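# Structure assessment
Here are the chains, one letter per residue:
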Amino acid sequence: MFSSRSTSDRIIDWLITGFLLLAGISTLLPLVNTLAISLSDKAAVSGGMVGLWPVGFNLNSYGYILRDDKFWQAFGVSVLRVVLGGGLNFVLTVLTAFPLSRTVKAFPARNFFMWLFVFGMILNVGIVPWYLTISGYKLIDTIWALVLPGAIPIFNVIILMNFFRNIPKELDEAARIDGANPWQLLWSVYLPTSIPALATITLFSIVGHWNSFFDGLILMNNPDNYPLQTYIQQLVIADRPALHGGQAQMLAQLSSNTLNAAKLFVAMIPILLVYPFLQRYFIRGIMLGAVKE
Amino acid sequence: MIRRALLTPVLLVTLLAVVLSACAGPAQPAQAPAAEQAAQPAATAVPADVLAAQPWRQTDAYSPLPERASLVLVKGGQENASLMPEGESIEDNRALQYIEDTLNVDVTFAWVVPSDSYSDKLNLSIASGDIPDVMTVDAIQMQQLTEAGAIEDLTPYVEKYANADILANWEQTGGVALQAATIDGKIMGIPNVQPQADAPIMVWVRQDWLDKLGLAAPETVDDVEAIAKAFIEQDPDGNGAADTIGLTGTTNPVQVPSNLHGFDAIFNAYGAFPELFYRNADGEIVYGSIQPETKEALTRLAAMYQAGIIDPEFATKDGDKANEIVVGGRGGIMMGPWWISWWPLADSVNNDPNADWQPFMIKDKNGNYTFGMGDYTYSFVVVKKGYPHPEIALKILNVQNDLSYGLNDAPQYYPNFNEIWTLLFPIPFLIEQPYVVERMATEYQEALDGTRDPEAFSEAMKLEYGQIQSDIAAPRSDSSNWATRMARLDAAKLLAGGYDEVRTDPVASRVFSTDPTWPALQKLEEETFLQIITGAKSIDDFDAFVEEWNNSGGAALLEKMNQ
Amino acid sequence: MFRDTDRLAYYVMILPGLVLLIAFTFVPLVYSVIAFQKFNPALGIQGSPWVGLDNILYMFSLRDARQVFTNTVFIATMKMIFVLITAVAFALLLNEVRFLRIRRSIQTMVYLPHFLSWVILAGILRTILARDGMMNDFLGIFGIGPVYFLGQPNIFPWVIIFSDVWKEFGFEAIVYLAALTAIDPTLYEVAELDGANRFQKMRFISIPGIAPVIVLVACLSIGNVLNAGFDQIFNLYSPIVYSTGDIIDTYVYRIGLIQGQYSLGTAVGLFKTVVALLLIGVSYWAAGRWANYRIF
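So, how was this worked out
Residues numbered from 1 in each chain as written. Chains lettered and ligands numbered in written order. Predicted model: local features only at pLDDT ≥ 70, side-chain atom pairs only at ≥ 80, totals over all residues. Heavy atoms only, no water. Helix = DSSP H or I, 4+ residues; strand = E, 2+ residues; numbered from the N terminus. Buried < 20%, exposed > 50% of the residue type's maximum accessible area, 1.4 Å probe, protein only. Contact = heavy atoms within 4.5 Å. Areas by Shrake-Rupley, 256 points an atom, 1.4 Å probe, with all protein chains shown as cover. Rg over C-alpha atoms; globule rule 2.2 N^0.38 Å. Lys, Arg positive; Asp, Glu negative; His and termini not counted. Charge placed at Lys NZ, Arg CZ, Asp CG, Glu CD. Core = buried A, V, L, I, M, F, W, Y, C linked by side-chain atoms within 4.5 Å. Pairing = 2+ DSSP bridges. Axes fitted to C-alpha atoms, helices over the stretch in contact; angles between N-to-C directions. Expected span 1.5 Å × (residues − 1). Salt bridge = Lys/Arg side-chain N within 4 Å of Asp/Glu carboxyl O. Polar contact = N/O pair within 3.5 Å; in protein donor to acceptor, adjacent residues only side chain to side chain. Domains from an automatic or database assignment. Buried area = accessible area lost by both parts, 1.4 Å probe. Nonpolar A, V, L, I, M, F, W, Y, C, P; charged D, E, K, R; others polar. Phe/Tyr/Trp six-rings, centres within 6.5 Å; stacked < 30°, edge-to-face > 60°. Lys NZ or Arg CZ within 6 Å of the ring centre and 35° of its normal. Parallel < 35°, antiparallel > 145°, perpendicular 65-115°, else oblique.

Now for the overall build of chain C. Looking only at helices and strands, chain C features 14 helices and zero strands. When the helices and strands of chain C are listed from N to C terminus, the series reads α-α-α-α-α-α-α-α-α-α-α-α-α-α. Principal-axis analysis of the C-alpha atoms gives chain C an extent of 80 × 75 × 30 Å. Classification of the 296 residues of chain C by burial places 56% in the buried group. Counted over contacts in chain C with a minimum sequence separation of 6, partners at least 24 positions apart contribute 67%. Counting every atom, chain C has about 12,500 Å² of accessible surface; 68% of that belongs to carbon and sulfur.

Set out below in structure tokens:
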């Protein structure tokens, strides 16, 4: 559309493009560095010689992880919480968003509940009462402690509710005339038309569950119940090696640096796998949620 | 310092490595035959013929519970579970079974966590009001639980059910141990007794590196600095890279006892005793961290840091990160107590059989060896209120003592008992003779000199003596033989050679550690010391720190103490 | 049309969510009364003695409490400012890139850190910010350093701020990019006919075009002034940087749960809750007033 472009304009175009590409690539450099370390020889790593390309390429770290029961146990806990937590989030979000998307005429208590949920969303009580509550329910050391406290993601409810409200009323009324009750209406009209929004909120909750570590840290007493992020947090950040005893032999081939880098990378893989979907749907989601005008 | 010991990661590691002086057991049986005691109801688990043959089983200290009872415990050490023998676990092992059968009790664990998480997890359990039947706590937790009325008063049980060894070991602290466990005239917990040898911090240096660079053994702080400088600059490992760290350190520059990678010895060499409450020349109780000598020592440490002698990143490193330096062959100096040859230095020898670590003590400016000593006692076993058999805690400790020392026919199942005892025992807890380490070193030396008959040693000591002899014959061919020799003989002998001690006042340390203002004072101190050493604050800020410490409640507490 | 059975269905639908909301949000609010007690877990809420405002007053007298409050506000505010500036600048520049595929690739790259947890990112940061890490190697080329990024109190907050920018700027740019695409293209064409150059177009069309979104984001940020990022700081800090890096959330965690000062921890947390509620109220009001925004 811009046919006549001056040379200087083109140069600026290239400069901007180049600059942004550089910025984009440097955003990823730390991740590349981690990958390179995980694939490098331990001597090269402790000598600080590894940059963006592995030095002394080997797969020892990954081989070690494959045989590391604790890692996979934690991985399993994470998968379980994603499935249970994500599923519960989905059902509850839909069930809560639908009545809230009704008019006050159809559902007189709608505004009251709306305010209650919004208040619940912005109310963030301190960690001590929160812990006392959950331990009071005897949920400590059960998977439910990771699933139930966040089972109703109110932000997602609001996104979905707004989406429901934008569905044309005609669809609604047509179904009504056919004698559909609210359950049928939700099931056969609203859900099928809301696939993109549902995909968005589901991805939101999956990523949230996968990434959270703190609830695992304080609500799980038994380290066998740690989800993967908590396991990694204890290992890499809090520096509590789970491998004493075998450590001496292990150190002959690996250092905790290379091994930790490999664990960080393996923990990233699920996110990298869903990243294409994330990118598509999250962007839509943030538009739905943040800039509703 | 004192009770912080339990709160910090190092201690439980200590417990593991400190290797229950499974030795030096007193020659006489722990308990006199049960003549004076009325017979207890027979236990279901112990057959009558055994009872007849082993009358000690019917004494107060060992009598089985009348009916099988359950006991819920909690435990650290999960990270070392892989050290357990094939087919055994923390939850199920022969030592535990022996205890269960002897006392007619079923032990279960509400949770088993890594050692460093134990205290945090226990605090969470206390917060949730869901505590185990018996647990090991620190002074603050004991105080809180007592105020809460959540634990049993053990006064009626302690004297009656502790066996003779344990009573004697408490006795040897001059009554300090039981006094520390007493709140408002009631004994609320069973106190530990820490071997005193754990407090002095030695400097361990790689002799092979010293020889290679033609350096003499260190005697003073100046020597340590010179050696560290040479190690950094002269490539002692000959790998052609300037990758050697001088002096290692962690986020805990000071901590009594057993501070791995701690700078305590350097403070002590300046006549500074940070984190201790001791009486000065005027007989007043003072706090070591705010004394001018501490400022001098900090000045020196800051200069060493500035010169690159101390690991530039020590202030953000935990023990394990610092261990990696010495185990990985990137450092040739490590500060620590007598037992660090077992852990982590044995791993260093495993990786590199040339790593000839030797312990040395540092002289202070007057040419003496002087060390700050913490409390004998800083942790306690307590029993949940309402547990029907509060005496079981004492009985378990008695049986554990037998298992450790091979008394009362307790079976010796494990050749590597010293490395795994904290995992085997349901309540890993030391009530030791305060000077047992020094005494054993002397006895081993006498045996080597031929003035003592090693055949008279207990089974456990014979095993260690054999390890010592093997390593003398073929140095460092086996890392655990080497570790035992270094700890039990070379390092412990240095301690047996004598040193002066500056001892913390047990009352003052307890009053401070349970005061509500203490955590904030401590945070201020930790932060200030680290910042001064790393140069983020100048040494002149020390005076501001002292003023702030005094104004934030420290001075008032000291004044109260001195009245 | 609006049958009672319908209403019943709505109540049934909302019930599970409501129960969980009450159980995990409002019940903890009840537990917050321990801020006014000398709470003792063994005695429970009913048995613990009441102390009125003692804990609150004690909190105000604590140097640490004042310090973490200041740290929190500073770090949170700086994060917002720098993320906002970077995101807007990025969006404006990206809008100038004409090759769609390059544009997409750049977006793919910069969004990624947003989806990774702070545990992972902190693990990575600890490696690259170490003395022999990539960042110091890079600075070494210019003769700077080595810098002790995670151990210097005066540098640590900026590590937190800029690592947050790294994680979030790309993602926040999404809303600005959306706003830019919503600008009527004819505006640019007209400006071009008038001889406007690239920067004039940016200055007089693009920026005014996204100004309402900037105002909106800024308004909504007010509610987050007390959230400096627990996950991030918890995984990067250590005692040496407490003086500048300790924030309300990490402090409450340490004193309230780990040191067992339950009532003090709750008091500090409650104080934060109350101030945060006020701030969120203000932010919604401001967003409604200046950006015509309603949450529902």
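Read on, since the account is not over.
With that settled, the discussion passes to the overall build of chain B. Secondary structure summary: chain B contains 23 helices and 14 strands in total. Computed over the C-alpha atoms, the radius of gyration of chain B is 24 Å, within 12% of the 24 Å expected from 2.2 N^0.38 for a compact globule of 563 residues. Seen through its C-alpha atoms, chain B measures out along the principal axes to roughly 70 × 60 × 40 Å. Sorting the 563 residues of chain B into buried and exposed places 63% on the buried side. Pairs at least 24 apart in sequence give 75% of the contacts found in chain B among residues at least 6 apart. Entry remark: accessible area of chain B is about 19,000 Å², with carbon and sulfur atoms responsible for 49%. Across chain B, the centroid of the 35 positively charged side chains sits 1 Å from that of the 80 negatively charged ones.

Bringing the nonpolar core into the picture now. Among the nonpolar cores identified, the biggest contains 309 residues, and Ile-218 and Ile-232 of chain A, Met-135, Trp-170 and Trp-549 of chain B together with Tyr-176 and Tyr-253 of chain C are the most heavily contacted of them. The greatest single-element share of this core, amounting to 15 residues, is contributed by helix H8 (residues 156-181) of chain C. With near-sequence residues (within four places) excluded, Ile-232 of chain A lies in contact with Phe-71, Ile-237, Lys-263, Leu-264 and Ala-267 of chain A together with Val-119 and Ile-120 of chain C. Grouped together as the second largest cluster of nonpolar side chains are 46 residues, Trp-338, Trp-342, Phe-457 and Leu-489 of chain B included.

Attention shifts here to the pairing of strand S11 (residues 357-360) of chain B. The side chains of a regular strand alternate, residue by residue, between the two faces of the sheet. Residue and element names in this part refer to chain B. Here S11 shows no split at all, with Trp-357 and Pro-359 on one side and Gln-358 and Phe-360 on the other all buried. With four bridges connecting them, strand S7 (residues 202-206) and S11 associate as antiparallel partners. Each residue of the ladder has a partner; that of Val-203, found in S11, is Phe-360.

Further remarks concern the sheet that holds S11 of chain B. All names here are of chain B. Here we have three strands laid out as an open sheet, ordered S10-S7-S11, and antiparallel in their pairing. The open sheet is flanked by strand S10 (333-336) and S11, the only strands paired with a single partner. Ignoring which end each strand starts from, the neighbouring axes of this sheet average 25° apart.

With that out of the way, let us pick up helix H14 (residues 262-291) of chain C. An α-helical turn contains 3.6 residues, so a residue and the one three or four places further along point in the same direction. An ideal rise of 1.5 Å per residue puts 44 Å on 30 residues; H14 of chain C measures up with 41 Å between its terminal C-alpha atoms. Note on H14 of chain C: the residue one or two positions beyond its end, Asn-292 of chain C, has a positive phi of about 55°.

The subject of this paragraph is the interface of chain C and chain A. Bring the parts together and some accessible area is lost; that lost area is often taken as the interface size. Contact with chain C, which involves 91 residues of that partner, is made by 103 residues of chain A. If you look at where chain C meets chain A, you find four salt bridges. Its salt-bridge partner being Asp-6 of chain C, residue Arg-176 of chain A comes within 2.7 Å of it at the nearest N-O pair. At the junction of chain C and chain A, the tally comes to 15 residue pairs in polar contact (both at pLDDT 80 or more). Top element by residues in the side of chain C that touches chain A is helix H1 (residues 4-31) of chain C. It accounts for 21 residues.

This part covers the pairing of S7 of chain B. Residues and elements named next belong to chain B. Among the five residues that make up S7, five are buried, leaving the element largely enclosed by the rest of the structure. Burial of the side chains of S7 extends over both faces: Met-202, Trp-204 and Arg-206 are buried on one face and Val-203 and Val-205 on the other. Two elements, S7 and S10, share four bridges in a ladder whose sense is antiparallel. Following the sheet pairing, Trp-204 is matched in S10 by Met-334.

Let us now look at the domain arrangement of chain B. Residues and elements named next belong to chain B. Segmentation of chain B into domains returns domain 1 (31-197 + 376-424), domain 2 (200-372 + 501-561) and domain 3 (436-499). Each of domain 1 and domain 3 has a C-alpha centre, and the two are 29 Å apart. Facing six residues of domain 1, the contacting portion of domain 3 comprises seven residues. Contact between domain 1 and domain 3 buries roughly 480 Å² in total, counting both sides, with carbon and sulfur atoms accounting for 57%. The interface formed by domain 1 and domain 3 contains zero salt bridges. Here domain 1 and domain 3 share zero residue pairs in polar contact (both at pLDDT 80 or more) between them.

Attention now goes to the interface of chain B and chain A. Contacts between the two partners involve 27 residues from chain B and, on the opposite side, 28 residues from chain A. Carbon and sulfur atoms make up 47% of the surface buried where chain B meets chain A, a total of about 2,200 Å² over both sides. Sorting the residues of chain B by area buried against chain A places Lys-121, Leu-124 and Glu-324 of chain B first, and these three jointly supply 20% of that buried surface. Mapped onto the side of chain B that touches chain A, the elements with two or more residues apiece are strand S2 (105-112), helix H5 (118-127), helix H14 (319-327) and helix H15 (341-351) of chain B. Considered class by class, the residues forming the side of chain B that touches chain A number nine nonpolar, eight polar and ten charged.

The next subject is helix H5 (residues 110-122) of chain A. Compared with an ideal rise of 1.5 Å per residue, which puts 13 residues at 18 Å, H5 of chain A spans 19 Å between its outermost C-alpha atoms and is within 8% of the ideal. Within H5 of chain A the residues assigned to the buried category are Arg-110, Phe-113, Met-114, Phe-117, Val-118, Gly-120 and Ile-122 of chain A. Residues of H5 of chain A that are buried make contact with helix H4 (69-100) and helix H8 (154-165) of chain A together with H1 and H14 of chain C.

This next bit is on the packing of aromatic side chains. Working definition: an aromatic ring pair is given by the centre-to-centre distance plus the angle between the planes. One pass over the structure, following the stated rule, counts 64 aromatic pairs over all chains. Taking 6.0 Å as the distance between ring centres and 20° as the angle between the ring planes, the aromatic pair formed by Phe-107 of chain A and Phe-113 of chain A counts as stacked. On the basis of relative accessible area, Phe-113 of chain A is assigned to the buried category, the value being 7%. Grouping aromatic residues by their ring pairs yields a cluster made of Phe-98, Phe-107, Phe-112, Phe-113, Phe-164 and Tyr-190 of chain A together with Tyr-10 and Tyr-11 of chain C. Above the plane of the ring of Phe-204 of chain C lies Arg-203 of chain C, whose end atom (NZ or CZ) is 4.8 Å from the centre.

As a further point, take the packing of helix H22 (residues 518-533) of chain B against helix H23 (residues 541-561) of chain B. Residue and element names in this part refer to chain B. Relative to each other, H22 and H23 sit at 175°, their axes nearing to 10 Å. In terms of axis orientation, H22 runs roughly antiparallel to H23. Residues Trp-518, Leu-521, Leu-524, Glu-525, Thr-528, Phe-529 and Ile-532 of H22 pack against Phe-542, Phe-545, Glu-548, Trp-549, Ser-552 and Gly-554 of H23. Residue composition of the contact of H22 with H23, grouped by class: eight nonpolar, three polar and two charged.

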